[in-house]
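Observations on chain architecture
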Amino acid sequence: MIDDPALLTGVVLNGAHGIYDVHTDAGVFRCTLRGKLKKAFARVQSQNTQVVAKGRKLNEYQLRRAEREREKNSKTAPEPENPIQSRLSAGDHVKFRKLDQSTGLIEEILPRQSELSRLDAGSTERKAIPQTLLANLDQVIIVLSVAQPEPHFAFLDRYLVICEAAQLRSIICLNKADLPHSSRVEEAADLYAKLDYPIVWSSAHTGQGIEDLRAILKDRTTLFTGPSGVGKSSLVNAIEPEMAIRTGMISEATGKGRHTTTGSQLYPLSSGGWLADSAGIRALAAWDVSPEDLPRCFVEFRPYLGECVFNDCNHIDEEGCAIIQAVEDDVIDKHRYRSYVRIYHGDER
């Protein structure tokens, strides 16, 4: 085949309302989807969101069960070898036709090597909508502040579950380390370090941890995320000043951060690699993690899996549960186990 000079390959930096900025060696192009891709996206999105709850209130795991059962019972054509996802996300690799020096038409979405997804905030009892935070990533840096606002470790546990399910490396960044904080933060840091999660103490104000973060980010594609108000944008500015991301402010009335970033945005790093600074997330739910797979997403549970009296043990209230015994013996942390129970029941997002 003869190479078409008008056909370029690039990575999606961001997108909204069907318009995407795509980075290439020849510069950044503003692209839209070809007509056939638009129709395919609409069809897949419709299929992904039609989950009937039959009047019952379902959590996200029950929604996934219902969807799997619906797919099992429906007679559908076999999926194509590279099925299209329901929407483009930052980090997706695409082929597009160059229209002029700054615009293009996306003709093909290349298969994803990895992705990090969550349950979209628009999901309801009758439909579950996946939201991909970043495609083709290598790792996730989860940022919490040690104070102002106080760290939410249940949020961290939910995020770690999502990363474990996606088989992605997780790094925990405890930001605003220059602020006074409770001993609970130090204890939590020790706990997660013992679970082999790398811990970085950082402060954009003093520069603590900035060089460590630069080394971690080098030559990798990383999602930089966490709740609103923990100082993600300030950290990104300290790591890569040219990005000039707006810095958010903490509301004195509520202690919660105001949203200052509107969505995942992929940036090239001067030292090599890519960084996505995601929108602040006040609530988070695991997506596509079945109740059967959930225990394995808690790394300290793994040595005890298969040791329970009953093979179908859910590790909630069954007799002879090896994990519950490990909690009672203080081998497994009680707070981590409570996070497991909450996630299993879908009590929190």
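The sections below set out a description of the structure shown in this document.

Rules and cut-offs
- Residues numbered from 1 in each chain as written.
- Predicted model: local features only at pLDDT ≥ 70, side-chain atom pairs only at ≥ 80, totals over all residues.
- Heavy atoms only, no water.
- Salt bridge = Lys/Arg side-chain N within 4 Å of Asp/Glu carboxyl O.
- Helix = DSSP H or I, 4+ residues; strand = E, 2+ residues; numbered from the N terminus.
- Buried < 20%, exposed > 50% of the residue type's maximum accessible area, 1.4 Å probe, protein only.
- Polar contact = N/O pair within 3.5 Å; in protein donor to acceptor, adjacent residues only side chain to side chain.
- Contact = heavy atoms within 4.5 Å.
- Expected span 1.5 Å × (residues − 1).
- Arc of directions from axis to C-beta.
- Phe/Tyr/Trp six-rings, centres within 6.5 Å; stacked < 30°, edge-to-face > 60°.

Considering the pattern of salt bridges
One pass over the full model with this rule turns up ten salt bridges. One salt bridge in this structure joins R112 and D92, with 2.7 Å as the shortest N-O distance. Highlighted residues: R112 in the loop between strand 5 (103-109) and strand 6 (115-119) and D92 in the loop between helix 2 (60-73) and strand 4 (93-98), separated in sequence by 20 residues. Owing to a relative accessible area of 0%, D92 belongs among the buried residues under this scheme. Ionic contacts of the salt-bridge type, sharing partners, join the residues R34, R97 and E107 into one network.

Some details on the side chain of Q265
Secondary-structure assignment places Q265 in strand 12 (residues 265-268). Judged by relative accessible area, Q265 falls into the buried class, the value being 18%. A polar atom in the side chain of Q265 sits 2.6 Å from the side chain of N14. Other than its neighbours up to four places away in sequence, Q265 contacts L13, N14, L275, A276 and D277.

With respect to helix 8 (residues 334-345)
With twelve residues, helix 8 extends 17 Å from end C-alpha to end C-alpha; this agrees with the ideal 16 Å at 1.5 Å per step. Among the residues of helix 8, R336, Y337, S339, Y340, I343 and Y344 are the ones counted as buried. The buried residues of helix 8 all sit within an arc of 155 degrees when viewed along its axis, so they share a single face. Its side-chain oxygen at 3.0 Å from the backbone nitrogen of H335, D333 defines the N-terminal cap of helix 8. Just downstream of helix 8, G346 is the residue with a positive phi angle, here 70 degrees.

Comments concerning the packing of aromatic side chains
For the structure on display, the rule yields nine aromatic pairs. Of the aromatic side chains, those joined through ring pairs into one cluster are F298, F301, Y337, Y340 and Y344.

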